[in-house]
Amino acid sequence: MKVVFERPKSLQPTKTHYCPGCGHGVIHRLVAEVIDELGIQDKTIGVAPVGCAVLAYNYFDVDMQQAAHGRAPAVATGIKRALPDRVVFTYQGDGDLAAIGTAEIVHAAARGENITVIFVNNAIYGMTGGQMAPTTLVGQRTETSPYGRDPQVAGYPIRVCEMLATLDGPSFLARAELTDVKNINKAKSYIKKAFEMQLAGKGFSLVEILSPCPTNWGMKPIDAVEWVKKEMVKVFPPGVFKEPKEG
Amino acid sequence: MKLEIIMAGFGGQGIMLMGEILAHSAMLEGREVSWIPSYGPEMRGGTANCMVVISDKRIPSPIISSPDILVAMNKPSMEKFTPMVKSGGVVILNKALIDERPARNDIEIIEVDASGIADELGNMRVANMVALGVLVGKTGVVKPETVIKSIDHFLPEHRKNMLEINEKALMRGIAEIKK
Amino acid sequence: MEKVLMKGNEALAEAAIRAGCKCFFGYPITPQSELPAYLAREMPKRGGVFLQAESEVAAINMVYGAAGAGVRVMTSSSSPGISLKQEGISYLCGAELPCVIVNIMRGGPGLGDIQPAQSDYFQATRGGGHGDYRTIVLAPASVQELVDLVYDAFDLADKYRNPVLILGDGILGQMMEPVVFKERPAKELPPKTWATTGKMGRQKSNVINSLYLDPVKLEEHNRKLFKKYQEIEQKEARYEILNGDDAEYFVVAYGICARIAHAAVEMAREEGIKVGLIRPITLWPYPKKAFEEVLPRAKAFLTVELSCGQMVEDVKLSVEGRAPVYFYGRTGGMVPTAEEIFEEIKKMRGLS
Ligand SMILES: Cc1ncc(C[n+]2csc(CCOP(=O)(O)OP(=O)(O)O)c2C)c(N)n1
Ligand code: SF4
Ligand SMILES: [Mg+2]
């Protein structure tokens, strides 16, 4: 009999702590599948963020480091510079990457640091209980934008892929949405491409994934997916923002 | 007079609010009070509990190590907190969700079908007020009128229509004791 | 005056608004989240500014700017975030800028956990960042005291042109107790003639700065700061002694730990042990006077902390070898029970 659903080798056989309908679990799986498919489990080192995915070091069956809030790209830089023949990735939320860690991500990208970044954009601070994130949509209500994000006060959402695409350092930048099978497969193909870039020594690669947080959005899981499809993609259009020219 | 109470159950059973309402009504009656919630990741889908102290004097510690009263709204809470209850203390159990009795004979156990009564009244969410009623009926620590005032205080403007059913639930709880 | 039941974090926020805090800058972290959430709701309605910064580094520098502009300003965080703010706090002290910084402490080191702790005592009372400086450190033990000390914090900051730290912990922040927001007459405070408000007709421009390239000038500046710190030590130390009149043994504890220790002291009293409680309210300046007051009759001291032993060093410095000083601590977010402390009190009596 053919096995159709199997736990990827690069995931630990444990239950995760994520809420029902959360995108993190699915994204872990996609990353692990790619690591398996590329046969790089043994030489991969991951960096876990501070955010809901802080315990990622318990979930991936690869070597992992846990970084201070926002500093994962710097930590990954240290690892990659020390061990250039290893595969290094960070796994970061929007608060971690696009607020407190903005400097680290921009400079890792500008240096063309040969690492891969998995960027989980759920438009909120999940771990701390639903405060406004740098990617929170205009008008979106959170614990710290109780009247809806007001651009007069809190400015506008940051489009990380578009912003980093202005730099020469990155080799591959893409955004996918975690909504239906087609798009989840697309997310996986981007993740694979990003790791392949690193393996080919092309420099910094990042995949942004629009991901639901039903808990802090105060929605049912199905409605949260709808919200990604309807609202988030308007502000964060999926697609490829940078890739090497063929030839 | 000093009464130390632990209330515990699932997140979503209104455990915190039950404690806040009790602390608030005791404050309205001129007592010293304190209320501490459990907080953090243990709340994510898990159990919730709070500690309430009511006293005539300045309260030394708001943290309770051996409560006079435990209100357990589900089984894990009963298992976790019953061993802490003071000898001679009282455990109020939500019978509907607890199919066992604690193995202690030095405490008084009051079983009440809080969820069942709430369901009968038409809203499962007022099970907490039934349990609070039992506590109030048993201890007389605050007057029912004051509790009703506090319930009103905590209901947001657009939920004031819920006052009546909460009041009913409270009175049903008190009646359970008088039975 | 109306009594209301409030969480420590929210009561602190409300007190800040009433004390005239015009700006708040912060970055989310547990367990102080209710404080910024409250201000996000209230500040816009009450003419204040709430801004979520992109990091604690940014937040403390926003505080620097607003304080330099002469308004009452506050930031709050918890241990890891306070570590990030240290650079800014050093600059605030160097430039003599008044502000209030709240640390609702959690377990460390590193990411630690989010349960209550008192392990940032050294960081708070010894400066914390680089350079020769001190911050005033207030340690409330109840929600009412938290509120009262917020007013005092803003006044002390303005009076001495110095940052004031409020050290709380996860329990104090989450706990609800009745509070009264007393109307307080505005204190007579020096006008902020130094603030960079734009010259607005002023002859000389104002400069907010901590750079003194000439070492002679920097030493002068340090001496001036030091004189200020000495004045603060003389005038502002505060403490409370409970059950102390006839006591021969003393427990020393602050914040939430003092509340538990108080319960333990009452247990010991019931068994006839003559024990009292010294509760420092200011951690810097440290209330050495409390010890002078009781030393003539004190046989021993027991320091209880949510740490592996930090304030105990100040207790030893205050007692100066004149009586034995014992220590009991729980750490990493664990909190001792009153019974545990009671056992330690009995041990202390047996030992001395
Ligand atoms: C220096 C510091 N500041 C603040 C925090 C608190 N904190 C933990 S996670 C987090 C934000 C997480 O949001 P995000 O990165 O979007 O991840 P998510 O939980 O949404 O996946 C914050 C602010 C911390 N741990 N350290
Ligand atoms: S809070 Fe949001 S991001 Fe965090 S685990 Fe739950 S659903 Fe996922
Ligand atoms: Mg997020």
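All of these numbers come straight from a predicted model, not from anything done at the bench. (Residues numbered from 1 in each chain as written. Chains lettered and ligands numbered in written order. Predicted model: local features only at pLDDT ≥ 70, side-chain atom pairs only at ≥ 80, totals over all residues. Heavy atoms only, no water.)

Student: What is the right way to read helix 3 (residues 72-82) of chain A from this model?
Tutor: Since the α-helix advances by 3.6 residues per turn, residues separated by three or four positions end up pointing in the same direction. Residue and element names in this part refer to chain A. Residues of helix 3 that are buried: Ala72, Pro73, Ala76, Thr77, Ile79 and Lys80. Down the axis, helix 3 shows its buried residues gathered within 170 degrees of arc, on one side only. Facing away from the buried side of helix 3, by more than 90 degrees, are the exposed residues Arg81 and Ala82. Taken together, the buried residues of helix 3 touch strand 1 (44-48), strand 2 (63-66), strand 3 (87-93), helix 5 (102-110) and helix 8 (181-199). (Buried < 20%, exposed > 50% of the residue type's maximum accessible area, 1.4 Å probe, protein only. Helix = DSSP H or I, 4+ residues; strand = E, 2+ residues; numbered from the N terminus. Arc of directions from axis to C-beta. Contact = heavy atoms within 4.5 Å.)

Student: Teacher, can you tell me more about the interface of chain C and chain A here?
Tutor: Size of an interface: often given as the accessible area lost when the parts come together. Counting residues at the interface gives 18 residues for chain C, matched by 17 residues for chain A. Of the roughly 1300 Å² buried at the junction of chain C and chain A (both faces included), carbon and sulfur atoms supply 62%. In terms of surface lost to chain A, no three residues of chain C exceed Tyr27(C), Gln52(C) and Leu111(C), which account for 35% of the buried area on that side. Linking chain C to chain A there are 7 residue pairs in polar contact (both at pLDDT 80 or more). Sorting the residues of the side of chain C that touches chain A by element identifies helix 2 (34-42) and strand 3 (49-52) of chain C as the ones contributing at least two each. (Buried area = accessible area lost by both parts, 1.4 Å probe. Polar contact = N/O pair within 3.5 Å; in protein donor to acceptor, adjacent residues only side chain to side chain.)

Student: Sorry if this is basic, but what is going on with the coordination of the magnesium ion (ligand 3) here?
Tutor: Each donor-metal-donor angle would ideally measure 109.5 degrees in four-coordinate tetrahedral geometry, or 90 or 180 degrees in six-coordinate octahedral geometry. Residue and element names in this part refer to chain A. At 2.1 to 2.7 Å from the magnesium ion (ligand 3) lie its protein donor atoms, namely Asp94 (OD), Asn122 (OD1) and Ile124 (O). Mapping the donors of the magnesium ion (ligand 3) onto the primary sequence yields the spacing D-x27-N-x1-I. A relative accessible area of 8% places asparagine 122 in the buried class. Residue isoleucine 124 is classed as buried on the basis of its relative accessible area, which comes to 2%. (Donors = N, O, S within 2.8 Å, 3.2 Å for Na, K, Ca; no water.)

Student: Help me understand the site of ligand 2 in this model?
Tutor: All names here are of chain A. Around ligand 2, the neighbouring residues are Tyr18, Cys19, Cys22, His24, Cys52, Asn122, Cys213, Pro214, Thr215 and Asn216. Ranked by residues supplied to the shell around ligand 2, first place goes to helix 9 (residues 214-217) with 3 residues. Of the residues contributing to the shell around ligand 2, the split by class is 6 nonpolar, 4 polar and no charged. (Near = heavy atom within 4 Å. Nonpolar A, V, L, I, M, F, W, Y, C, P; charged D, E, K, R; others polar.)

Student: Could you clarify how one ought to interpret the site of ligand 1 in this entry?
Tutor: Residues in close proximity to ligand 1 total 23 residues, the closest being Cys52(A), Asp94(A), Asp96(A), Pro28(C) and Glu56(C). Around ligand 1 the close residues trace back to chains A and C. Backbone polar atom of Met127(A) to an oxygen atom of ligand 1: 2.9 Å apart, as the coordinates give it. Counting residues per element, the ones that place at least two in the shell around ligand 1 are helix 4 (94-100) of chain A together with helix 4 (79-94) of chain C.

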